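The residues making up each chain are set out below.
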Amino acid sequence: MKHIIFSIFICLFLASCVEWTRKQTDYHYIINQSNKEIVHILYSDHELVADSFVSQIHENSDTTLEWEVSEVVGVGEVVREFDYNSFYIFNLTDTSSFHWEGVFGRHEYNTVVFSDFFSKSSVSTLSNNKLRETNWITKYYLTVNDTLLSLMTKDYSMLERFKEYYQK
C-alpha cells in the first residue's frame, strides 16, 4: 500500500511541474563613428535567417540596434550560436566597401585589427521565474570607425547596386 501511495504522490508531483523553456536571443548593434552613410549586409546560415539582413545608417550613431534574432530552444538542446558567414560594409558617401567571409571566432580576418571594429559580448543569462524561462543573450557590435574605413577599397559596382541613392 505504501508503494501505491508513494507512486501516486510522485505522479501528482511530476504532473504539477511546469517545464521551463530556454530562449536564445542575439542582438546585433552598429555604432557609426564616422559621418558616412553606411549599409551593412550580413549573411548567416542560421535557420531563422532566410538569406541576409540589411541595415542602413545615415549618420553618427551610438549603439543602434540593427537586428534581433530570438528562438525558443528545448530543454537539453544545444544552444546554437549565431554564425557570421560573411558581411559587407558599404560606405555610400565615398563608394568604398569592405567584404569579409568566414565565421567569427573561428576564422578571422586579422584578430588584432578585427577586434578594433567587431566584437561579441560574452553570453549572459536572464531568468524569469514568472514566465518560467531562461534567456541566453549574446550581443554583437560592429563599429564603423577609422580602422574599418582604412580597410575599405573603392567599389564602383555600388553605383549600380545603390542606383537610387546616387541618382539623388
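For the structure itself, consult the block above.
The sections below set out a description of the structure shown in this document. (Residues numbered from 1 in each chain as written. Predicted model: local features only at pLDDT ≥ 70, side-chain atom pairs only at ≥ 80, totals over all residues. Heavy atoms only, no water.)

### A look at the packing of aromatic side chains
1) Next: Applying the stated criterion across every chain, the model contains 11 aromatic pairs.
2) Next: With a centroid separation of 6.3 Å and 50° between ring planes, the pair formed by phenylalanine 87 and phenylalanine 98 is classed as tilted. Pair noted here: phenylalanine 87 is in strand 5 (residues 86–91) and phenylalanine 98 is in strand 6 (residues 96–101), with a separation of 11 residues, a long-range link. For the pair formed by phenylalanine 87 and phenylalanine 98, the shared burial category is buried.
3) Next: Here phenylalanine 90 and phenylalanine 162 contribute two aromatic rings whose centre-to-centre distance is 5.1 Å and whose plane-to-plane angle is 70°, an arrangement assigned as edge-to-face. Remark: phenylalanine 162 occurs in the loop between helix 4 (158–161) and helix 5 (163–166) and phenylalanine 90 occurs in strand 5; sequence separation between them is 72 residues. (Phe/Tyr/Trp six-rings, centres within 6.5 Å; stacked < 30°, edge-to-face > 60°. Helix = DSSP H or I, 4+ residues; strand = E, 2+ residues; numbered from the N terminus. Buried < 20%, exposed > 50% of the residue type's maximum accessible area, 1.4 Å probe, protein only.)

### Concerning the environment of threonine 95
1) Next: Relative to the helices and strands, threonine 95 resides in the loop between strand 5 and strand 6.
2) Next: Distance from threonine 95 to lysine 154, taken between C-alpha atoms, is 5.9 Å for residues 59 residues apart in sequence.
3) Next: Sequence-distant contacts of threonine 95, defined by excluding residues within four places in its chain, comprise Thr153, Lys154, Asp155, Tyr156, Met158, Leu159 and Tyr166.
4) Next: A distance of 3.3 Å separates the side chain of threonine 95 from the side chain of lysine 154, its partner in a polar contact. (Contact = heavy atoms within 4.5 Å. Polar contact = N/O pair within 3.5 Å; in protein donor to acceptor, adjacent residues only side chain to side chain.)

Shape descriptors only; they carry no functional weight alone.
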